[in-house]
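One letter stands for each residue in the lines below.
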4 protein chains.
Amino acid sequence: MSSVSAAVLEKFEQPLRLTTFPDPGNPGAGEALVKVDVAGICGTDVHLWLGQLPIPLPNVLGHESAGTIEKLGAGLERDWRGEPLRVGDRVTWASSIACGECYYCRLKGQPTRCLTRKAYGISYCASDPPHLRGGYAQKILLRAGTALFRLPDSVPSEALIGAGCALTTAIHGFDRAPLSWGDNVVVQGTGPVGLAAIAVARVAGAARIVAIGGPKHRLHLAKSFGADAVVDIAELKTLEQRREAVLAVVGPYGADQVVECVGYPDAVNEGVPLCRDGGQYLVLGQYADAGNISFNPHTITRKQLRMIGSWGFEPRHVDRAIRLLEQNTALRDQFARGITHRFPLAQADEALQTARAWAGGKVVILPNEEPAAH
Amino acid sequence: MSSVSAAVLEKFEQPLRLTTFPDPGNPGAGEALVKVDVAGICGTDVHLWLGQLPIPLPNVLGHESAGTIEKLGAGLERDWRGEPLRVGDRVTWASSIACGECYYCRLKGQPTRCLTRKAYGISYCASDPPHLRGGYAQKILLRAGTALFRLPDSVPSEALIGAGCALTTAIHGFDRAPLSWGDNVVVQGTGPVGLAAIAVARVAGAARIVAIGGPKHRLHLAKSFGADAVVDIAELKTLEQRREAVLAVVGPYGADQVVECVGYPDAVNEGVPLCRDGGQYLVLGQYADAGNISFNPHTITRKQLRMIGSWGFEPRHVDRAIRLLEQNTALRDQFARGITHRFPLAQADEALQTARAWAGGKVVILPNEEPAAH
Amino acid sequence: MSSVSAAVLEKFEQPLRLTTFPDPGNPGAGEALVKVDVAGICGTDVHLWLGQLPIPLPNVLGHESAGTIEKLGAGLERDWRGEPLRVGDRVTWASSIACGECYYCRLKGQPTRCLTRKAYGISYCASDPPHLRGGYAQKILLRAGTALFRLPDSVPSEALIGAGCALTTAIHGFDRAPLSWGDNVVVQGTGPVGLAAIAVARVAGAARIVAIGGPKHRLHLAKSFGADAVVDIAELKTLEQRREAVLAVVGPYGADQVVECVGYPDAVNEGVPLCRDGGQYLVLGQYADAGNISFNPHTITRKQLRMIGSWGFEPRHVDRAIRLLEQNTALRDQFARGITHRFPLAQADEALQTARAWAGGKVVILPNEEPAAH
Amino acid sequence: MSSVSAAVLEKFEQPLRLTTFPDPGNPGAGEALVKVDVAGICGTDVHLWLGQLPIPLPNVLGHESAGTIEKLGAGLERDWRGEPLRVGDRVTWASSIACGECYYCRLKGQPTRCLTRKAYGISYCASDPPHLRGGYAQKILLRAGTALFRLPDSVPSEALIGAGCALTTAIHGFDRAPLSWGDNVVVQGTGPVGLAAIAVARVAGAARIVAIGGPKHRLHLAKSFGADAVVDIAELKTLEQRREAVLAVVGPYGADQVVECVGYPDAVNEGVPLCRDGGQYLVLGQYADAGNISFNPHTITRKQLRMIGSWGFEPRHVDRAIRLLEQNTALRDQFARGITHRFPLAQADEALQTARAWAGGKVVILPNEEPAAH
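Residues numbered from 1 in each chain as written. Chains lettered and ligands numbered in written order. Predicted model: local features only at pLDDT ≥ 70, side-chain atom pairs only at ≥ 80, totals over all residues. Heavy atoms only, no water.

Colleague: Would you mind going over the overall build of chain A in detail, with residue names and values included?
Modeller: When helices and strands are counted, chain A shows 11 helices and 18 strands. Computed over C-alpha atoms, the radius of gyration of chain A comes to 21 Å, within 12% of the 21 Å expected from 2.2 N^0.38 for 374 residues, which places it in the range of a compact globule. Judged by the C-alpha coordinates and their principal axes, chain A covers about 65 × 45 × 40 Å. Among the 374 residues that make up chain A, the fraction classed as buried is 61%. In chain A, of all internal contacts separated by at least 6 residues, the share reaching a separation of at least 24 is 69%. Of the side chains in chain A, 38 bear a positive and 37 a negative charge, and the two mean positions are spaced by 4 Å. (Helix = DSSP H or I, 4+ residues; strand = E, 2+ residues; numbered from the N terminus. Rg over C-alpha atoms; globule rule 2.2 N^0.38 Å. Buried < 20%, exposed > 50% of the residue type's maximum accessible area, 1.4 Å probe, protein only. Contact = heavy atoms within 4.5 Å. Lys, Arg positive; Asp, Glu negative; His and termini not counted. Charge placed at Lys NZ, Arg CZ, Asp CG, Glu CD.)

Right under this line is the structure:
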């Protein structure tokens, strides 16, 4: 039996190590063996590498990937949309599986808070067979029940991974805190989630969109994704300066919706005053527990705010993302162009460090490319 | 021209002083001169007396009152519902007037955040004519544009003031954060707003309602207003004990909705963990700015919360309150019975101190009763 | 192997015939063999018997039943809520299974419109093994994937079946067309769905509820379920008379919500004018295709109506119904008392004819009682 | 005192007659005297001319107009948004005034169903002073309480009137039946309301939009406003053919939302089957009572439809329209280019007959242009 290479996180803050695992062979009922074509490096991967979230080690990271079906298990004949699945199809998949049976899945309609949810590239220990449960590998074995999506011919795998889980995260966020067309929107943060939030707000008919972030090349991206104005945190260094710059665009009372896509807890205290009274504050970026802030709850009452949290996404948001890329050529090209660095699997650690350095655009691993591809 | 007595707050933390002002005589167009029958002492009045909110001095307090129409200005022929108004009618009125023309009133549908909103018993300086703009007085002169409501014969003025602005505040809160019938609800606080929140949650079909508060006589009231279970903060002294007691009733994942009616900022950190993931946290009690707390915004994202603020109420919520008391005999009697102390105007300061001492139920002033009425 | 008795519909409009089928023996994985304790006769069963809906013959009717678990298939260890299931437990089950995978289940969140939905007692041919797929039988074999609910000790099976699928239908209806507490409601029809709609509207905090229907004993029931006023169609014979009677209670502009629970198409033309402009008209009763009416679509635009359809219910609505009966003692007793006729399985046809004659309250079959039980 | 020319409808189906009325002189408190620059001919004007709606005669038609302020009454210093108003400002105004005090305005939040609503160009008798209450005149005297909007320099009056009340009607419609971005939409009708509905659906992020209508030049416009596909009723003459063509674009189960903008009652029976189960059917076009259809209410229940009516619009929808034209240059140009015929006031009747003939795009009257302008 042949073997499969994977880049493994064995110790936090230590280089990923290239390892081989036995090829899983024929998948079980409902499973799929997929050759990974593109594995995106998500900002969360950097947090995982730093040990800031509780995950089992060793671990094959990679939760936003696209690949080609190599083998289909018994009974797996259709993708999540009901379209036929065949060996050789290009696919992506939802990173998590919700059980569909627990308190949150069934009784409360909150599958992203499923009590037994596990995510590829995050929740699986690479010591446990079948080992291959992350995208930083030549192949991944997808469990029965995974929401698989056949990619339309018009949607290149790189466009999809260029958008990454940031896009589905933003889509889910606006699902919980819907925009009305014509609303003014402030997006805090110009990382991947921030850019995706700008893109979705633009599609959904936002009137004016202001992005706060940096550095310059990210602000340039923010504009290309649809921001009407950008606020450079390197230039406007005080809260007051930034607030003035934002209100100059959205009006003196603040925006109808402010979307936090930063991750630093302090962003909340900057963002709330940018929101008009009775507006929505969507807390989209506080994925990691980065500690407490000094916060005044009187603000919530007095400003009559809606502060809305959003965690992960469901398969239907992946579907929405694919449909968006299928129908919106400009956006598709933009996300594809957002990939600035490509690495072979052997350089997975370098890929991760590049993403960590926050130097360019999206960084991806091409696990089945020869090292020269870079 | 005759004169009108009023109890005036001249200096914060000093006794109210009984003063007389000239009788306003014939009201102007759209105005109404009303003899005050019952003026409730709201917890906010205690905050105002302590100087914790910025108000002009001197000031005739009293923002929840009912009275009898003495004179009607030209053109004021119907109440807010369109019912005919006549001299001698028993009435109440919304404490605030929203301009109907500003950014919040017109463009954003948030009249409680009206940019020029003024409230009787709070925002008017008693030095300025016509002086009589609060309930702690024999008469009040209501401005044109005030939302007046003729009281149905079946709704005694004391039942209405027994409910007070706490009821309209709770009604507005649930308007912004609607319950679905069958939801489990936790109410933090058993002051007037907490009791009103329990009452409204019960009417709206809540499944289980747990109230956290004290002292004993308030918990007894909480049960009589519809709480299925109560948690006595004097007995269960740690967050963990109280959390266990709450979850024993609403289930291990928390309540669908938690309503904060406490006012201490720390209540937010106690209440959020009582809310199930994806649930609603209604911040109803943080009216005064009582300072900051150490708060973790990661919670909002991870628990997928909706934290919803609510400020004041609109005339339609006063109407809803009157209709509720009209239709629900049991609730009407309960609110009426909730009045435990009645004072003549001359003892307005004693009334305020009684409310401040938090010793009994609702305290009211009967400004046109003789001193012996007490 | 022993045999199981069932009452079978072999030809439309012909008497049900008592037949025996082989006992299914041990259930397959995920399946459950349940002894039927109570099988309700639903109005739909009468329509099915008359051949007004396309169903396969022969057919074991009965889609609202409660029973006792006799055997559990492999892996079926918990009910829909996650509570442990054991042989001997009293249970009920959702009458339909949605596939969870089709366009309506997955992409559009409309599981009641699942493309391959099948309902016990309706969609299964009794000629096909395992034959026992309806409630008019001593046993029913429930498929893997059925939403099973263990009944709380406090909820007698007869209370549940007394409410029947009418209650879950009403709960689903108000889920699609939510009431706000304080709304005025008109319920057209005082059959089982109408009574259930009254009960749910009352629980959800409706202000005034008017029921239109008959005969007298049904109107009496309507009042006991919470109607403030009833309109007897035998007394007020013209639309205009009935409209006047309704408006006398809900006010001259109509009700906030009108719920059609009649089934005759003409009811729509009677109901729409009872609805205030901008109100909701919930079409809950048009389950069978009873033909066209002459209808003016201008009304929808001019009255700014919301006409909302509702089909069937989901497992979570069954859960809601059980929880309601568990928590609301009065309602539970009322539904239990609503059963006026009980028949042994041998008299299943007499049971059906009794229901058809519309003479009393709820009619049920007790398939495992001896004939003398009647 | 000088005089003002107006085109007056004196008898239904008779030519408009050019008349003069005395110049109103100085407007009263809150009123505005406005020189009419552009008056749009709305399809409703044709219905009015034909006598299909109950209006007083004689009547100065014209309910979608823009003009220049000639004189401002006392106290009228700001427009509806709070921006300063001065003589010489270009303005438009909401065609109707809601009283703000009646059952629908206050208690039910349905100002478009205001009990005493009057519309310029429709509800006023030209015999009654001040006579000038419609747009087909050199000047119009606007009542106190009219929602006036100062037009931004970037929004030409012709762009606004090119959009006309069709745009505000569509905006109000989608306010009542909101789109989610990514929804598929079918628009029935390619008249002004249909085109506006397409434009708004596109802005709000619709995925695929199919327009059904004609003739060819209107379908061409439909595409330029954002329709992905058009169905020509002159080519596909049967319901079945058109249904097939629509489903080929939106998928076999129908669209998420279908918007009726036709006006013929039969359109409802064509549109409902184009809607997926659980979808929304927005009845936007049935303004005139054009009679009954044979309709099957079972469809509403079985398809679990939401049929939603929408009547007129509120001032905030006019504001939204102006903001949309201000921010969306492409759309602004498109609406401006949509005007194909311009007439001086003396040819008002010819203008109306041109609109009636349905030959080109938008027809407008320029009441203060010299006859040669045409």
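Having seen the model, we can carry on.
Colleague: Talk me through the interface of chain B and chain A; I want residue IDs and the actual numbers.
Modeller: Each side of the interface is counted separately: chain B has 44 residues, and chain A has 44 residues. For chain B, the biggest contributors to the area lost against chain A are B:Y253, B:T301 and B:Q304; these three give 17% of the whole. With a shortest N-O distance of 2.8 Å, A:K108 and B:D256 are connected by a salt bridge. Taken together, the connections running from chain B to chain A amount to 38 residue pairs in polar contact (both at pLDDT 80 or more). (Buried area = accessible area lost by both parts, 1.4 Å probe. Salt bridge = Lys/Arg side-chain N within 4 Å of Asp/Glu carboxyl O. Polar contact = N/O pair within 3.5 Å; in protein donor to acceptor, adjacent residues only side chain to side chain.)

Colleague: Describe the sheet that holds strand β10 (residues 185-188) of chain B, listing the residues and the values that go with them.
Modeller: An order of β12(A)-β11(A)-β10(A)-β13(A)-β14(A)-β16(A)-β16(B)-β14(B)-β13(B)-β10(B)-β11(B)-β12(B) is seen for the 12 strands of this open sheet, with the pairing classed as mixed. In this open sheet, the two edge strands, each paired with only one partner strand, are β12 (229-232) of chain A together with β12 (229-232) of chain B. Pairs of neighbouring strands in the sheet enclose a mean axial angle of 15°, with direction left out of account. Relative to strand β11 (residues 209-213) of chain A, strand β10 (residues 185-188) of chain A runs parallel, the two sharing 4 bridges. Across the sheet, A:V187 pairs through a bridge with A:A211, a residue of β11(A). (Pairing = 2+ DSSP bridges. Axes fitted to C-alpha atoms, helices over the stretch in contact; angles between N-to-C directions.)

Colleague: Requested: an account of the interface of chain D and chain C, with residues and values cited.
Modeller: Interface extent is often summarised as the accessible area lost during association of the parts. Listed by partner, the interface residues are 44 residues for chain D and 44 residues for chain C. Interface of chain D and chain C: buried area, both sides summed, is about 4000 Å²; carbon and sulfur atoms make up 49% of it. Three residues stand out in chain D for area buried against chain C, namely D:Y253, D:T301 and D:Q304, and they jointly supply 17% of the buried area on that side. Taken together, the connections running from chain D to chain C amount to 4 salt bridges.

Colleague: Help me get a handle on the environment of C:V262, residues and values and all.
Modeller: All names here are of chain C. Following the sequence through the fold, V262 ends up in the loop between β13 (255-260) and α7 (266-271). For V262, a relative accessible area of 34% puts it in the partly exposed group. Here the alpha-carbon distance between V262 and V210, two residues 52 residues apart in the chain, equals 14 Å. If we ignore the near neighbours within four places in the chain, the residues touching V262 are Q188, G189, A267 and G285.

Colleague: Give me the lowdown on the relation of the copies chain D and chain C, citing residues and values where you can.
Modeller: Overlay of chain D on chain C (RMSD 0.0 Å): rotation 180°, translation along the axis 0.0 Å. As the rotation angle and translation indicate, the two copies are arranged about a two-fold axis. Taken together, the interface assignments show that 100% of the residues at the interface of chain D recur at the interface of chain C, consistent with an identical surface on both copies. (Least-squares fit on C-alpha atoms with pLDDT ≥ 70 in both.)

Colleague: So what about the domain arrangement of chain A? Which residues, and what values?
Modeller: All names here are of chain A. By the assigned domains, chain A splits into domain 1 (3-164 + 313-366) and domain 2 (178-309). Domain 1 and domain 2 are separated by 29 Å when their C-alpha centres are compared. Contacts between domain 1 and domain 2 engage 11 residues on the former and 12 residues on the latter. When domain 1 packs against domain 2, the two sides together hide about 980 Å² of surface, and 70% of this comes from carbon and sulfur. Broken down residue by residue, the surface that domain 1 buries against domain 2 is led by Q334, F335 and W358, which jointly contribute 48%. One can count 0 salt bridges joining domain 1 with domain 2. The interface formed by domain 1 and domain 2 contains 1 residue pair in polar contact (both at pLDDT 80 or more). Here the residues of the side of domain 1 that touches domain 2 are counted per class, giving 6 nonpolar, 5 polar and no charged. (Domains from an automatic or database assignment. Nonpolar A, V, L, I, M, F, W, Y, C, P; charged D, E, K, R; others polar.)

Colleague: Describe the sheet that holds strand β16 (residues 306-309) of chain D, naming the residues involved and giving the relevant values.
Modeller: Working definition: the strands of a sheet are paired by backbone hydrogen bonds and lie parallel or antiparallel to each other. An order of β12(C)-β11(C)-β10(C)-β13(C)-β14(C)-β16(C)-β16(D)-β14(D)-β13(D)-β10(D)-β11(D)-β12(D) is seen for the 12 strands of this open sheet, with the pairing classed as mixed. Looking at the sheet topology across the chains shown, the edges are occupied by β12 (229-232) of chain C together with β12 (229-232) of chain D. Strand after strand, the sheet turns through a mean of 15° between neighbouring axes, direction not considered.

Colleague: Please set out the side chain of D:D349 residue by residue, giving values where relevant.
Modeller: Residues and elements named next belong to chain D. Along the chain, D349 falls in helix α11 (residues 348-357). Buried charge without a salt bridge: D349, with R356 as the nearest opposite-charge side chain at an N-O distance of 8.4 Å. For D349, the side chain forms a polar contact with the main-chain nitrogen of L16, separated by 3.0 Å. If sequence neighbours within four positions are ignored, D349 has contacts with Q14, P15, L16 and W49.

Colleague: With reference to specific residues and values, describe the pairing of strand β18 (residues 362-366) of chain A.
Modeller: Regular strands place side chains that alternate from one sheet face to the opposite one. Residues and elements named next belong to chain A. β18 sits mainly inside the fold: 5 of its 5 residues count as buried. Of the two faces of β18, both are covered, the one formed by K362, V364 and L366 as well as the one formed by V363 and I365. Examined bridge by bridge, strand β3 (residues 32-40) and β18 share 2 bridges and lie antiparallel to one another. Bridging from a neighbouring strand, A39 pairs with I365 of β18. Handedness of the β-α-β unit built from strand β17 (residues 339-344), helix α11 (residues 348-357) and β18 comes out right-handed. (Right-handed = clockwise from strand over helix to strand, strands pointing away.)

Colleague: Report on the relation of the copies chain B and chain A, specifying residues and quantitative values.
Modeller: Taken together, a rotation about one axis and a shift along it account for how the two chain copies relate. Laying chain B over chain A is done by rotating through 180° and shifting 0.0 Å along the axis; what remains is an RMSD of 0.1 Å. Looking at chain B, 100% of its interface residues are interface residues in chain A too, so the copies touch through the same face.

Colleague: Please provide a residue-by-residue account of helix α4 (residues 192-203) of chain C, values included.
Modeller: Residues and elements named next belong to chain C. Between the first and last C-alpha of α4 there are 17 Å, a value that for 12 residues agrees with the 16 Å anticipated at 1.5 Å per step. Extensive coverage of α4 is indicated by the burial of 9 of its 12 residues. Of the residues making up α4, those classed as buried are G194, L195, A196, A197, I198, A199, V200, A201 and V203. (Expected span 1.5 Å × (residues − 1).)

Colleague: Quick one: what's the story with the packing of helix α9 (residues 315-327) of chain C against helix α10 (residues 329-337) of chain C, residue by residue and with numbers?
Modeller: All names here are of chain C. Contact pair α9 / α10: the axes reach a minimum separation of 5 Å and the direction vectors enclose 105°. In terms of orientation, α9 lies roughly perpendicular with respect to α10. Seen from α9, the contacting residues are L324, L325, E326 and Q327; seen from α10, they are T329, L331, R332 and F335. Residues of the contact of α9 with α10, tallied by class, amount to 4 nonpolar, 2 polar and 2 charged. (Parallel < 35°, antiparallel > 145°, perpendicular 65-115°, else oblique.)

Colleague: Residues and numbers for the packing of helix α3 (residues 157-176) of chain D against helix α10 (residues 329-337) of chain D, please.
Modeller: Residues and elements named next belong to chain D. At a closest axis distance of 7 Å, the pairing of α3 and α10 adopts a crossing angle of 85°. It follows from the interaxial angle that α3 and α10 lie roughly perpendicular. Counted together, E158, A159, G162, A163 and L167 of α3 and R332, F335 and A336 of α10 form the full contact between these two elements.

Colleague: With reference to specific residues and values, describe unusual backbone geometry.
Modeller: Most peptide bonds take the trans form, and the phi angle of most residues other than glycine is negative. For the bond running from A:P129 to A:P130, omega is 5°, close enough to zero to count as cis. Looking at where A:P130 falls in the secondary structure, it is placed in the loop between β7 (118-119) and β8 (139-142). Put simply, B:G214 and B:P215 share a cis peptide bond, and its omega is -5°. Its place among the elements puts B:P215 in the loop between β11 (209-213) and α5 (216-225). Of note, C:H131 is a non-glycine position whose phi angle comes to about 70°, a positive value. Its place among the elements puts C:H131 in the loop between β7 (118-119) and β8 (139-142).

Colleague: Describe the environment of D:A39, with residues and values.
Modeller: Along the polypeptide, D:A39 turns up in strand β3 (residues 32-40). Beyond its immediate chain neighbours, meaning those up to four positions away, D:A39 contacts D:E64, D:S65, D:G135, D:Y136, D:I161, D:V364, D:I365 and D:P367.

Colleague: Quick rundown of the packing of aromatic side chains? Include the residues and the values.
Modeller: Overall, the coordinates contain 30 aromatic pairs over all chains when judged by the stated rule. Judged by centre distance (5.7 Å) and plane angle (15°), the ring pair of A:Y120 and A:Y124 falls under stacked. For the ring pair C:F225 and C:F335, a centre distance of 4.8 Å and an interplane angle of 45° mean the geometry is tilted. Remark: C:F335 occurs in helix α10 and C:F225 occurs in helix α5 (residues 216-225); sequence separation between them is 110 residues. There is no split in this pair, since C:F225 and C:F335 are both buried. In this structure an aromatic cluster arises from ring pairing among A:Y103, A:Y104 and B:Y253. Here B:R113 stacks its cationic end above the ring of B:W311, 5.3 Å away from the centre of that ring. (Phe/Tyr/Trp six-rings, centres within 6.5 Å; stacked < 30°, edge-to-face > 60°. Lys NZ or Arg CZ within 6 Å of the ring centre and 35° of its normal.)

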